[in-house]
Amino acid sequence: MKKYLLIIIQLFSVSLSAQQRIDRKALVTRHNVSITAMDTLASLTVGNGAFAFTVDATGLQTFPKKYENGIPLGTQSEWGWDSYKNTNNYKFSETLRDYKQYGRAISYTVQIKEPARKVEAVNWFRQNPHLLQLGNLGFEITKKDGSIAKPEDIKAIAQKLNLWTGEIESYFEVEGVPVTVLTVSHQEKDAIGVKVKSDLLQQKRLKISLRIPFPTGDWADMGTKWEGKQDYKSTLAEKSKTDAVVTHVMDSISYNVNLNWKGNAQIKKTSDHYFVVEASDTNTLELSCLFTLTDKKTPNSSFTAIQNSSIKGWEEFWKSGAAVDFSGSTDPRAKELERRVILSQYLTKVQCTGKVPPQETGLTYNSWYGKPHLEMHWWHGVHFALWNRPELLEKSLPWYQKVFDKAKNIAKRQGFEGARWQKMTDPDGNESPSSVGSFLLWQQPHFITYAELMYRAKPTTGTLNLYSERVFETANFMASFADYDAKNDRYVLGPGVIPAQERFKAMETFNPTYELAYWNWALKTAIMWKKKLNRKVPEKWETVLAKLSPLPVADQVYLATESATDSYTNPEFKTDHPSVLGTFGMLPETSLLDKKIMKNTFDLVWKTWSWDKTWGWDFPMTAMAAARLQMPDKAIDALFMNVTTNTYLKNGHNYQAERLTLYLPGNGGLLTAVAMMCAGWDGSTEQNPGFPKDGTWKVQSEGFKKMF
């Protein structure tokens, strides 16, 4: 009898568990994006993490000039880098300047104001290489009077992004004639597929155009520069009744645009870098477009194959990892938070899951010349591990091995041990001159964070061995960089430091609070790795850890840095990132932390910070600190602070300003915060610790992993 009773109880438990599982398809699809106007901030994107293609309301990139000040209509791949010819033979050494630090001369690559030759060298190394806009694939639409249709001629717009399948379905009319478009991206190739239905095709008034822009070489590149001085060539290298290959040759790169279509059509070159696919005797055209380097022989796929790849890949993504459902909550913000969470998952999967750390604007348009900033990789990637998709973060970690020698060379040049990780870099790990970036420190321990997350996902000796060399050389630099202050018998960070809060002069700044705590945590973690591998712990690590400066305090609050006693009285020092909150938000409780002082600090920052002068990831960071400090109400309030840089557009993008209309660290930060608010962190036992317990939030979550 007892045996049967036990079986019944087990079956009931399984049944109850099955009932409680989140209906992921319902959760995801209730946030499908619908667009009914030519909204330049509502562009939609398909992609696979290493390649992305962004479209306007027509389902292709028909009106790039109209959208260039919104979310631009970009086509970018992580391999698509070019450098202008270095005709003046600039040397990287011309960007270096010596600073007296720790009693000796240490060189940093910085922005130099004179002489002119060095200014030019700095500018060349900042802008080269630059990420390319590979091509603009749009419609060429002709009206009855023979004129080319303009954005205002596109009527009856009805567009939807199906998040579950990665398909963009677009409907519009031109002079009363309907056009339907289905746009998808392959999940393993840099290819998009488009299926078009319209009588305008048969009338030869609707054509598909391929236009290849020139790179601007500027801080930003929206893919709308149609003329340039460079002698680039675009040729119709191959052509048949159903296929064509356009080859584009530039300074340091050449690539192919492989076109394949189903339906009666032909391609022709109408001007330099401009090609048109024209259908005839059909009202339906299927076209696939594959971008690939000329030395890569990747076969193109049919539209159907690309569509199937998208459907299969996205279903696998949504069924994997974690999920959280806020339906049933009475807090009016719950629905919006769920929307932001779903769309942020989509966007970071599309834009940030390649083999190279992404730039802050992903694969949509260039900011900072398209170059990754390694301190931001934390915000781009940590959430994947917490959402139980560690493989998506793991894809970019071999890159740190690729650039490892260059990181070690930076440390060696400056007279330090180990590896000093780059800040503003390129796909080959070269430094970019920056008077701020070269002095930043907080990207240094990041690799130890990633490695520890990978170990927690797969706690084996193999994982330790895979990452140990990079972990240990990171720790070697950290111990070497800490300078011994004999007078006070302690180790100091700086001067010669710019904190994550980029408001302090490098050669006047020392002992930033967040960085001190990060040094403490990372060195302890590296020591634990040594012990797990039964290796000798370097004495220097233990000495630095034991004598690392305490977190700087004044009036029972943590200062931004020990050198800034006016951290909360100087208005300038209450702008930019309130990174002092990362001390117990991004980081766990360390031996340096006093939680009462941290609570005082949080309260002061909350009340007095210039929140209108912050960035998108500052709000999730604040929420993480609030959650750890057992203030879930404040965690929610932080995520919904009414500040421009905390804006989430219809397509889910985190808007910052006119020059930075999307900001993926904000999306990644939101996902990190929500994961912590659901699953907690080491030592937390409460369910959903970051959400209020007053009954207004109903939180059903599954699959999350705890943070440190």
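Nothing here was measured: the structure is a model prediction, and the numbers come from that model.

Comments concerning the nonpolar core
Judged by nonpolar contacts, the single largest core of 223 residues is most densely connected at I208 and L337. The element best represented in this core is helix α14 (residues 513–532), accounting for 11 residues. Apart from the residues lying within four places of it in its own chain, the contact partners of I208 are L60, L137, G138, F139, V194, V196, F275, V276, V277, L285 and L287.

Points about unusual backbone geometry
Put simply, E114 and P115 share a cis peptide bond, and its omega is -5°. A cis geometry characterises the amide bond from N128 onward to P129, with omega recorded as -10°. Even without being a glycine, A156 presents a positive backbone phi close to 50°. Given a relative accessible area of 43%, A156 falls into the partly exposed group. Phi at D576 is positive, roughly 65°, even though this residue is not glycine. Within the secondary structure, D576 is located in the loop between β25 (557–558) and α16 (595–608). Under the relative-accessibility criterion, D576 is labelled buried at 3%.

Overview of the packing of helix α13 (residues 461–481) against α14
Two elements in contact, α13 and α14, have axes whose closest approach is 9 Å; the angle formed by their N-to-C orientations is 135°. Accordingly, the angle class assigned to the pair α13 and α14 is oblique. As for how α13 packs across α14, the hand of that crossing is left-handed. In contact with T463, L464, Y467, S468, V471, F472, A475, M478 and F481 of α13, α14 contributes Y518, W519, A522, L523, A526, W529, K530 and K532. Counted by class, the contact of α13 with α14 contains 13 nonpolar, two polar and two charged residues.

Observations concerning the packing of aromatic side chains
According to the stated counting rule, one finds 46 aromatic pairs in the structure shown. Geometrically, the ring pair formed by F317 and W318 is edge-to-face, given 5.0 Å between the ring centres and 70° between the ring planes. On the basis of relative accessible area, W318 is assigned to the buried category, the value being 2%. Of the aromatic side chains, those joined through ring pairs into one cluster are W378, W379, W442, Y514, Y518, W521, W617 and F708. Lying over the aromatic face of F416, R104 brings its terminal NZ or CZ to 4.9 Å of the ring centre.

Quick notes on the confidence of the model for the chain
Residues with a pLDDT of 70 or more make up 97% of the chain, whose mean pLDDT is 96. Within the model, the stretch residues 4–19 combines pLDDT values under 50 with zero contacts to residues more than four positions away or in other chains.

Comments concerning the pattern of salt bridges
The full count for this structure, using the stated rule, is 32 salt bridges. A salt bridge links E431 to R413, with the shortest nitrogen-to-oxygen separation between them at 2.9 Å. Of this pair, E431 sits in the loop between α11 (404–413) and α12 (446–457) while R413 sits in helix α11, and the two are 18 residues apart along the sequence. The class of E431 is buried, set by a relative accessible area of 16%.

Some points on the sheet that holds strand β19 (residues 274–279)
Backbone-to-backbone hydrogen bonds pair the strands of a sheet. The strands run either parallel or antiparallel. Sheet architecture is open: four strands sit in the order β9-β14-β19-β18, paired in antiparallel fashion. Each edge of the open sheet carries a strand with a single partner, namely β9 (136–141) and β18 (265–271). Pairs of neighbouring strands in the sheet enclose a mean axial angle of 30°, with direction left out of account. Bridge count for strand β14 (residues 206–211) against β19 is four bridges, and the pairing is antiparallel. When the sheet's bridge partners are listed, S209 is paired in β19 with V276.

Brief notes about the pairing of strand β17 (residues 254–262)
Counting buried positions along β17 gives seven out of nine residues, so the element sits mostly inside the fold. The pairing of strand β16 (residues 243–249) with β17 spans seven bridges and is antiparallel. Counted as the bridge partner of T247 is N256 from β17. Here β16 folds back onto β17, and the loop between the two strands holds four residues. Two strands pair when backbone bridges link them, and β17 and strand β20 (residues 284–293) are joined in this way by eight bridges, in the antiparallel orientation. Across the sheet, L259 pairs through a bridge with C289, a residue of β20.

Comments concerning α13
The first and last C-alpha atoms of α13 sit 29 Å apart over 21 residues, in line with the 30 Å expected at 1.5 Å per residue. For α13, the principal kink sits at S468 and spans about 50°. Of all 21 residues in α13, 15 are buried; the element is thus mostly enclosed.

Digging into the layout of surface pockets
Taken as a whole, the largest pocket spans an internal volume of roughly 760 Å³. In terms of lining, the largest pocket is formed by 35 residues, of which the most central are S77, E78, W79, W81 and L293. Elements that contribute at least two residues to the lining of the largest pocket include exactly α4 (116–127) and β20. No other element matches β20, which puts four residues into the lining of the largest pocket. Looking at the lining of the largest pocket residue by residue, the classes come out as 12 nonpolar, 11 polar and 12 charged. Quantified by volume, the second largest pocket comes out at close to 500 Å³. Of all elements in the fold, only α12, α14 and α17 (618–628) reach the threshold of two or more residues within the lining of the second largest pocket. Sort the elements by how many residues they give to the lining of the second largest pocket and α14 lands first, with five residues. Looking at the lining of the second largest pocket residue by residue, the class counts come to nine nonpolar, eight polar and eight charged.

Remarks on the side chain of T353
Here T353 lies in the loop between α7 (334–351) and α8 (377–386). Polar side-chain contacts of T353 include one of 2.7 Å to the backbone oxygen of K349.

A few points about α4
Between its first and last C-alpha, α4 extends 17 Å over 12 residues, near the 16 Å set by a 1.5 Å rise per residue. What α4 keeps buried is the set A121, V122, W124, F125 and R126.

Comments concerning the sheet that holds β20
Taken together, the nine strands give an open sheet; going across it, the order is β1-β10-β11-β12-β13-β20-β17-β16-β15, and neighbouring strands pair in antiparallel fashion. Of all strands in the sheet, those bounded by a partner on one side alone are β1 (33–35) and β15 (233–239). On average, adjacent strands in this sheet sit at an angle of 15° to one another, irrespective of strand direction. Pairing analysis gives three bridges linking β1 to strand β10 (residues 154–162), with the strands arranged antiparallel. Note that in β10 the partner of V33 across the bridge is L161. Strand contacts of helix α6 (residues 303–319): β11 (167–174), β12 (177–185), β13 (191–197) and β20, with the helix running at about 60° to β12, the strand carrying the most contacts.

What counts and what doesn't
- Residues numbered from 1 in each chain as written.
- Predicted model: local features only at pLDDT ≥ 70, side-chain atom pairs only at ≥ 80, totals over all residues.
- Heavy atoms only, no water.
- Core = buried A, V, L, I, M, F, W, Y, C linked by side-chain atoms within 4.5 Å.
- Buried < 20%, exposed > 50% of the residue type's maximum accessible area, 1.4 Å probe, protein only.
- Helix = DSSP H or I, 4+ residues; strand = E, 2+ residues; numbered from the N terminus.
- Contact = heavy atoms within 4.5 Å.
- Axes fitted to C-alpha atoms, helices over the stretch in contact; angles between N-to-C directions.
- Parallel < 35°, antiparallel > 145°, perpendicular 65-115°, else oblique.
- Left-handed = near helix turned anticlockwise from the far one by under 90°.
- Nonpolar A, V, L, I, M, F, W, Y, C, P; charged D, E, K, R; others polar.
- Phe/Tyr/Trp six-rings, centres within 6.5 Å; stacked < 30°, edge-to-face > 60°.
- Lys NZ or Arg CZ within 6 Å of the ring centre and 35° of its normal.
- pLDDT = per-residue confidence, 0-100.
- Salt bridge = Lys/Arg side-chain N within 4 Å of Asp/Glu carboxyl O.
- Pairing = 2+ DSSP bridges.
- Expected span 1.5 Å × (residues − 1).
- Bend = angle between axes of the 7 residues up to and from the residue.
- 1 Å grid on protein atoms, 1.4 Å probe; cavity = no way out; pocket = protein on both sides within 12 Å on 5 of 7 lines; lining within 4 Å.
- Points joined across faces, edges and corners; volume = space filled by probe spheres on them.
- Polar contact = N/O pair within 3.5 Å; in protein donor to acceptor, adjacent residues only side chain to side chain.

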